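# Observations on chain architecture
Spelled out, the chains give:
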Amino acid sequence: MTETQTNSAANTAADKNTVTASFQIEERLSTIEAINEAKRCLHCKVPMCVKGCPIGNNIPEFIHELSKGNMGAAMSVINETSTLPAICGRVCPHENQCQGNCVLGKKGDPIKIGKLESFIADFDTEMSLIRETLPQKTRGKVAVIGSGPAGLTVSGQLARQGFHVTIFEAQQQAGGVLLYGIPEYRLPNSVVRNEIKKIEALGVEFRNGITIGRDNHTIDSIFKEGFDAIFIGTGTARPQSLDLPGVTLHGVHQSIALLHQVTAYNDGAVSKRHIPLREGERVAVIGCGNVAMDAARTAIRFGTDVTVVYRGLPENMSASEREYQEAVAEGIKFLWQTEPLGFAGDEKGRLKEMIVRTPEGEKSLRFDRVFMAVGSRPANRIVSTTDGIEVDAKGYIITHEHPCGMTTRRGVFAGGDVVHRPQTVVLAVKAAKEVADGIARYVDAIKLIYHVNQLEQKS
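Since the model is a prediction, treat every value here as computed from it, not as a measurement.

As a further point, take the overall build of the protein. Scanning the protein from N- to C-terminus turns up 18 helices and 15 strands. For 459 residues, the compact-globule estimate of 2.2 N^0.38 gives 23 Å, and the protein sits close to it at 24 Å. For the protein, the proportion of its 459 residues judged to be buried stands at 51%. Of the contacts made within the protein by residues no fewer than 6 positions apart, 69% connect residues no fewer than 24 positions apart. Total accessible area on the protein is roughly 21,400 Å²; 50% of this is exposed by carbon and sulfur atoms. Within the protein, the 52 negative side-chain charges are centred at a point lying 2 Å from the centre of the 52 positive side-chain charges.

Take the pairing of strand β10 (residues 339-345) next. Taken together, the six bridges between β10 and strand β11 (residues 351-358) define a ladder with antiparallel strand orientation. Bridging across to β11, G345 finds its partner in L351. As consecutive antiparallel partners, β10 and β11 are separated by five residues, and within that stretch G349 has a phi angle of approximately 80°, a positive value.

In this section: the sheet that holds strand β9 (residues 333-335). An order of β6-β13-β7-β8-β9 is seen for the five strands of this open sheet, with the pairing classed as parallel. Each edge of the open sheet is held by one strand with a lone partner, namely β6 (252-254) and β9. The sheet shows a mean angle of 25° between the axes of neighbouring strands, taken without regard to direction. Judged from the four bridges that link them, strand β7 (residues 282-286) and strand β13 (residues 369-372) form a sheet pairing that is parallel. Pairing of I286 across the sheet is with M372, part of β13. Packed onto the sheet, helix α13 (residues 255-266) meets β6, β7 and β13 and runs at close to 70° relative to β6.

One pass over the full model with this rule turns up eight aromatic pairs. Plain terms: the ring middles of F168 and F227 are 6.2 Å apart, the flat faces sit at 70° to each other, and that makes the pair edge-to-face. Separated by 59 residues along the polypeptide, F168 in strand β2 (residues 163-169) and F227 in the loop between α12 (219-224) and β4 (229-232) bring together distant segments of the chain. As far as burial versus exposure is concerned, F168 and F227 are alike and both buried. Aromatic pair F334 and W336: ring centres 5.3 Å apart, planes at 15°, arrangement stacked. The side chain of K141 reaches across the aromatic face of F227, ending 4.7 Å from its centre.

We now examine the packing of helix α3 (residues 31-39) against helix α5 (residues 59-67). At a closest axis distance of 8 Å, the pairing of α3 and α5 adopts a crossing angle of 125°. Here α3 is positioned oblique relative to α5, judged by the angle of their axes. For the element pair α3 and α5, the recorded crossing hand is left-handed. Across the interface between the two elements, A34, I35, A38 and K39 of α3 pack against I63, L66 and S67 of α5. Of the residues that constitute the contact of α3 with α5, the class distribution is five nonpolar, one polar and one charged.

Below, the discussion takes up empty space enclosed by the protein. Taken as a whole and judged by the stated rule, the model has three cavities of 30 Å³ or more. Approximately 140 Å³ is the volume found for the largest cavity. Every element with two or more residues in the lining of the largest cavity is listed here: α4 (48-52) and α5. Per element, the largest residue contribution to the lining of the largest cavity is three residues, and it comes from α5. In terms of residue class, the lining of the largest cavity is built from 14 nonpolar, two polar and no charged.

On to the sheet that holds β2. The strand order across the open sheet formed by five strands is β3-β2-β1-β4-β15, and the pairing between neighbours is parallel. Each having just a single partner strand, β3 (205-208) and β15 (412-414) make up the two edges of the open sheet. If you compare each strand with its neighbour and ignore which way they point, the axes differ by 20° on average. As defined by bridge partners, strand β1 (residues 140-145) adjoins β4 across four bridges and the pair is classed as parallel. Opposite A143, over in β4, you have I230 as the bridge partner.

Core analysis: the biggest nonpolar cluster contains 70 residues, and F62 and I439 have the highest contact counts within it. Broken down by element, the residue count for this core peaks at eleven residues, all from helix α18 (residues 425-458). Beyond its immediate stretch of four places on either side in the chain, I439 contacts V142, V154, L158, A229, F231 and F413. Counting residues in hydrophobic clusters, the runner-up holds 27 residues, among them L258, V308, A327 and A373.

Confidence in the prediction for the protein averages 91 pLDDT; 94% of positions are at 70 or higher. Across residues 1-22, confidence stays below pLDDT 50; counting only partners more than four residues off in sequence or on other chains, it has 34 contacts.

About the cut-offs
Residues numbered from 1 in each chain as written. Predicted model: local features only at pLDDT ≥ 70, side-chain atom pairs only at ≥ 80, totals over all residues. Heavy atoms only, no water. Helix = DSSP H or I, 4+ residues; strand = E, 2+ residues; numbered from the N terminus. Rg over C-alpha atoms; globule rule 2.2 N^0.38 Å. Buried < 20%, exposed > 50% of the residue type's maximum accessible area, 1.4 Å probe, protein only. Contact = heavy atoms within 4.5 Å. Areas by Shrake-Rupley, 256 points an atom, 1.4 Å probe, with all protein chains shown as cover. Lys, Arg positive; Asp, Glu negative; His and termini not counted. Charge placed at Lys NZ, Arg CZ, Asp CG, Glu CD. Pairing = 2+ DSSP bridges. Axes fitted to C-alpha atoms, helices over the stretch in contact; angles between N-to-C directions. Phe/Tyr/Trp six-rings, centres within 6.5 Å; stacked < 30°, edge-to-face > 60°. Lys NZ or Arg CZ within 6 Å of the ring centre and 35° of its normal. Parallel < 35°, antiparallel > 145°, perpendicular 65-115°, else oblique. Left-handed = near helix turned anticlockwise from the far one by under 90°. Nonpolar A, V, L, I, M, F, W, Y, C, P; charged D, E, K, R; others polar. 1 Å grid on protein atoms, 1.4 Å probe; cavity = no way out; pocket = protein on both sides within 12 Å on 5 of 7 lines; lining within 4 Å. Points joined across faces, edges and corners; volume = space filled by probe spheres on them. Core = buried A, V, L, I, M, F, W, Y, C linked by side-chain atoms within 4.5 Å. pLDDT = per-residue confidence, 0-100.

What follows is the structure, given as structure tokens:
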């Protein structure tokens with residue numbers, strides 16, 4: 001193994017006790033720490049942090065309110081633009097967005113914007129602050145399919161504007177990728193559930209355990225219930241695989257399946273034996289995106305030896321730099337310019353080794369488990385059971401700009417990863433906010449047309 005293929009020796013030097021000690025769920029600020037951090041804000045005339053925020057949070061204003069100890073006012077400012085602040089405050093790549101644009105970053109010490117945002121949201125939850133005054137739900141009736149970041153954002157936005165919103169979720173618990181696809185150490189499940197409770201408090205109805213496109217639940221059946229518009233925010237639920245020899249061997253898995261199973265384990269729904277990891281196993285994760293980092297960092301927490309295998313160089317990876325650096329600190333190894341060619345097993349059909357191509361030629365590497373994280377794509381259940389919704393060659397839903405997010409079927413909208421390919425949570429939120437505006441305009445228009453027609457008939 002050459003230096004170009006692996007990290008430096010420091011990457012592997014940490015012993016097991018050191019690595020275990022480095023694992024943390026999250027680092028939260030105390031009230032004093034948060035207020036003191038907020039006081040550092042310079043309140044720039046041209047706040048670059050706002051320009052760096054994909055959803056346009058009024059960062060200087062909520063930080064200013066926090067610096068005065070006005071938690072409720074700070075929360076109100078955030079609520080004007082964000083539906084999921086406790087989540088975005090934790091999982092957004094702040095170093096590339098708001099925080100990365102903070103002028104204090106030039107001196108190497110930017111304001112910890114993400115931690116301040118999640119602090120305010122957590123304080124609001126824990127103190128049960130008085131909720132905002134909401135309009136009556138008389139403006140229209142909207143169905144939302146999927147309760148991931150896009151679905152929750154659309155629901156929250158529309159509920160605040162007087163729409164009656166119902167979310168249809170296939171899983172028994174709402175949350176989508178936030179609950180089942182992001183590890184506990186990065187986004188605690190309790191945080192996701194608390195944010196969902198806040199969405200419920202806005203008057204949003206949740207119907208869990210209902211899969212649209214199955215058991216007579218379709219777009220048409222939803223419209224028959226009297227909904228004015230439908231939003232599809234189902235994300236990219238189908239992981240992609242590699243068409244390689246031996247891919248069906250026992251021991252070759254999907255990373256997203258691992259994350260789902262660990263979530264179930266953390267919830268007490270399954271025992272540890274259902275997790276496809278055993279202490280001391282040699283584990284490979286193929287890919288170098290954020291899902292790969294999540295799978296690798298999850299696997300090492302079960303006492304395994306983890307190596308990320310990636311065909312490109314560090315500068316080509318799609319994972320955030322922060323995720324990569326934290327993975328390295330936890331003892332995860334990286335093989336660069338290493339492309340999987342196939343898998344070999346023993347006489348019982350169990351994975352024994354992975355054959356790879358490297359700059360030095362073809363090699364066989366011993367692994368007990370391999371987890372693939374090579375992308376995902378939308379499921380086709382909804383489209384295949386509905387007339388009039390067009391998709392592109394890869395199955396992503398085609399939408400229009402006017403009204404924003406409407407598909408090729410009238411009254412059906414879509415947004416988030418199911419349209420724009422897999423992205424970060426905050427970009428899904430950004431897209432969903434724009435589609436929510438499109439849905440509101442559409443419903444208002446059809447309601448107006450209906451009333452005009454009614455008046456004409458009476459005259």
